[in-house]
Amino acid sequence: KDIIPPLEQLMVEKEGYLQKAKIADGGKKLRKNWATSWIVLSSRKIEFYKESKQQALSNMKTGNKPESVDLCGAHIEWAKEKSSRKNVFQITTVSGNEFLLQSDIEFITLDWFHAIKNAIDRLTVL
Ligand code: I3P
């Protein structure tokens, strides 16, 4: 069976660690719970891993799946009013999932914001 995904899905644009809190699922509010996540951005999606990159790679054999976020039609915006933390932005998906992402280091947050915004804007033009 052919399990090779399309090439574009394999193209990782950015990866690294950020603080993440999922605050809504399908439009339903969730209790905010910040945790470190290893985040992988490719052209159409973001994957959130609960564990470190190293752990995630070794878990792949056991079929531990990351949370996958479809960027098609998604929105990204700064969300100063949603947290007492600094450098917080929000991603909202078409399916009504809402994620806050944050880092205390401003340039890291800015890099992520622009990388994700570019990915979303490119999908909108297509
Ligand atoms: C929340 C927790 C979050 C905080 C949130 C609290 O309490 O302290 O860190 O968000 O504030 O409600 P709990 O753990 O009891 O759920 P920030 O760190 O982003 O401020 P909020 O309710 O004002 O969102």
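Scroll up to find the structure this text is about.
These lines cover the structure that appears in this document, whether it is placed above or below. Quick caveat, the model's predicted, so the values are computed rather than measured.

One pass over the full model with this rule turns up seven salt bridges. Across the salt bridge formed by R122 and E13, the nearest N and O atoms sit 3.2 Å from each other. Here R122, found in helix α3 (residues 106–125), pairs with E13, found in strand β1 (residues 12–25); they are 109 residues apart in sequence, far enough to count as distant. Between K22 and E67 there is a salt bridge, with the nearest N and O atoms lying 2.6 Å from each other. Of this pair, K22 sits in strand β1 while E67 sits in strand β5 (residues 67–70), placing them 45 residues apart in sequence.

Where β1 and strand β3 (residues 35–42) come together, eight bridges link them in antiparallel fashion. If you follow K14 over to β3, its bridge partner there is L41. Relative to strand β8 (residues 98–102), β1 runs antiparallel, the two sharing five bridges. Bridge pairing links A24 to E98 in β8.

A few words now on the site of the ligand. Neighbouring the ligand are R31, K32, W34, S83, S84 and R85. Within the side chain of S84, an N or O atom sits 2.6 Å from an oxygen atom of the ligand. Within the side chain of R85, a nitrogen or oxygen atom sits 3.5 Å from an oxygen atom of the ligand. If the ligand stood free it would expose 500 Å²; the protein chains cover 46% of that surface. In terms of residue class, the shell around the ligand is built from one nonpolar, two polar and three charged.

This part is about the environment of F99. One can find F99 in strand β8. Taking the C-alpha atoms as reference points, F99 and R31, separated by 68 residues in sequence, lie 12 Å from one another. Not counting chain neighbours up to four residues away, the residues in contact with F99 comprise K20, A21, K22, F48, E67, V69, F89, Q90, I91 and T93.

Reading the values: rules and limits
- Residues numbered from 1 in each chain as written.
- Predicted model: local features only at pLDDT ≥ 70, side-chain atom pairs only at ≥ 80, totals over all residues.
- Heavy atoms only, no water.
- Salt bridge = Lys/Arg side-chain N within 4 Å of Asp/Glu carboxyl O.
- Helix = DSSP H or I, 4+ residues; strand = E, 2+ residues; numbered from the N terminus.
- Pairing = 2+ DSSP bridges.
- Near = heavy atom within 4 Å.
- Polar contact = N/O pair within 3.5 Å; in protein donor to acceptor, adjacent residues only side chain to side chain.
- Areas by Shrake-Rupley, 256 points an atom, 1.4 Å probe, with all protein chains shown as cover.
- Nonpolar A, V, L, I, M, F, W, Y, C, P; charged D, E, K, R; others polar.
- Contact = heavy atoms within 4.5 Å.

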